[in-house]
Amino acid sequence: MIQICSCCVVKGIIIIRVVCTDAECGGVLALFFTCVLVCGLHNSLVWSGVCLSGCYLNQCYCAFHYYKATKTSPGHPPTVKSDIRFVSVCKKCIIPKPARTHHCGICNRCILKMDHHCPWLNNCVGHFNHRYFFSFCLFMTLGCAYCSISGRNLFLDAYNTLERIKHLDMEKPGVPVTGIGALIGLLPSGQTKYQTPAPSYTFMDKMFNKCVIFMWVLTSTVGVTLGALTCWHAVLISRGETSIEKHINSKERERHAQRGQIYRNPFNYGRLNNWKIFLGVERKSHWLTRVLLPSEHYPYSDGLTWEIYTCKKDLIPV
Ligand SMILES: [Zn+2]
Ligand SMILES: [Zn+2]
């Protein structure tokens, strides 16, 4: 059976309350708390320290990218007269729309390189905050996967303990023994025909085990669903597409196929170049300073003008 101090149980209750009010932030906190629990139960002090540091780092990355994704404007086309190249005019905003720009019905504005409107961020995901959104999903998935895998035994232990408590509750002291147990009454004096009282489990024992189960289920489900979403976005980024352009390009591909033609995405600059553009990598050192470490740099391009069918290999000579 897992033993835990009352302090941890109080933390667990607080986290459940936070989860109820804000699923996204609560998930982050639950992730952190589970990490602490899992690390605290490791035998090796050094390994526990490494895990705890990794969890804190992951927590910082998640918080940073989540904050930046919510607070960074996705980018809007200019509303005043300018000489930018545009492909159409928005019928709702009555302004020129540059390439890859789409109108968001929720924000009621045109968004540069719009991907989708995210209700969890309460913000549109567009040119300037797409990287933050993807990084948040990635680090959140990694944290959830870590908690889910390393906390599996903890979850099984908690589940078995709860089952045992439920079973013992059914055998409360004072309940007469029936059937074969009645034979106990035939035993010598000193024996009783009542069962031995079951070992007592405190409210905190039950709460702790329920918290562990809740957090494991939460991190596992979030890990799987968010992991699938992250993989999907990674595929789209590799192809140089947004979620909206995926549908547009699919239709265009079908339309051209009916005519016997092959359609090619005009903004696909090659897999590596697409990632460099998305991550804003312009020098080799940027893989460390801009990708592995949290960074506030602006993405490559201003989001207003896009080169079409650029040379694949040497777009960014990194
Ligand atoms: Zn518009
Ligand atoms: Zn929007």
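Residues numbered from 1 in each chain as written. Chains lettered and ligands numbered in written order. Predicted model: local features only at pLDDT ≥ 70, side-chain atom pairs only at ≥ 80, totals over all residues.

**Student:** Looking at this structure, how should I read the nonpolar core?
**Tutor:** Soluble globular proteins tend to pack their nonpolar side chains together in the buried interior. Among the nonpolar cores identified, the biggest contains 33 residues, and C62, F133, F136, C137, M140 and V212 are the most heavily contacted of them. Sorting the residues of this core by element identifies helix 3 (45–71), strand 4 (109–111), strand 6 (123–125), helix 4 (130–150), helix 5 (152–169) and helix 6 (203–239) as the ones contributing at least two each. With 10 residues, helix 4 is the largest single contributor of residues to this core. (Core = buried A, V, L, I, M, F, W, Y, C linked by C-beta atoms within 7 Å. Buried ≥ 20, exposed ≤ 12 C-beta atoms within 10 Å, placed from the backbone. Helix = DSSP H or I, 4+ residues; strand = E, 2+ residues; numbered from the N terminus.)

**Student:** Got a minute to help me understand the confidence of the model for the protein chain in this structure?
**Tutor:** The predicted structure's coordinates, where accompanied by low pLDDT, should not be read in detail. Counting all residues, the mean pLDDT for the protein chain is 78, and 73% of those residues have values of 70 or more. The secondary-structure element of the protein chain with the lowest mean pLDDT is helix 1 (residues 6–21), recorded at 40, while strand 3 (residues 102–104) shows the highest, at 95. In this model, residues 1–22 is a region of pLDDT below 50 whose contacts with residues beyond four sequence positions or in other chains number 29 contacts. Here residues 311–315 is modelled with pLDDT under 50, and outside its nearest four sequence neighbours on either side it reaches seven contacts, counting other chains as well. (pLDDT = per-residue confidence, 0-100. Contact = placed C-beta atoms within 7 Å.)

**Student:** Help me understand the environment of G303, please; the structure alone is not making it clear to me.
**Tutor:** If you trace the backbone, G303 turns up in the segment after helix 9 (286–292). Given 23 C-beta atoms within 10 Å, G303 falls into the buried group. Sequence-distant contacts of G303, that is, excluding residues within four places in its chain, are made with G75, L112, K113, H127 and F128.

**Student:** Just checking my understanding: could you explain the environment of T219 for this structure?
**Tutor:** Relative to the assigned elements, T219 resides in helix 6. The spacing of T219 and Y146 is 73 residues in sequence and 9.0 Å in space, taken between C-alpha atoms.

**Student:** In this structure, what is going on with the UniProt feature "transmembrane region" (unreviewed entry) in the protein chain? I would like to understand it.
**Tutor:** Residues annotated by UniProt as "transmembrane region" (unreviewed entry) correspond here to residues 132–155 and 212–237. Secondary structure content for residues 132–155 is 96% helix and 0% strand, and the end C-alpha separation is 32 Å. From the first C-alpha to the last, residues 212–237 spans 36 Å; its make-up is 100% helix and 0% strand. (UniProt positions renumbered as here; feature names shortened; annotations may be inferred.)

**Student:** Is there a simple way to think about the packing of helix 4 against helix 6 in this case?
**Tutor:** Think of two packed helices as two axes; the pair is described by the angle between the axes and how far apart they sit. Relative to each other, helix 4 and helix 6 sit at 140°, their axes nearing to 8 Å. By the criterion of interaxial angle, the relationship of helix 4 to helix 6 is oblique. Here helix 4 runs over helix 6; the crossing is left-handed. In contact with F134, C137, L138, M140, T141, C144, A145, C147 and S148 of helix 4, helix 6 contributes W216, T219, S220, V222, G223, L226, G227, L229, T230 and H233. In the contact of helix 4 with helix 6, the residues fall into 11 nonpolar, eight polar and no charged. (Axes fitted to C-alpha atoms, helices over the stretch in contact; angles between N-to-C directions. Parallel < 35°, antiparallel > 145°, perpendicular 65-115°, else oblique. Left-handed = near helix turned anticlockwise from the far one by under 90°. Nonpolar A, V, L, I, M, F, W, Y, C, P; charged D, E, K, R; others polar.)

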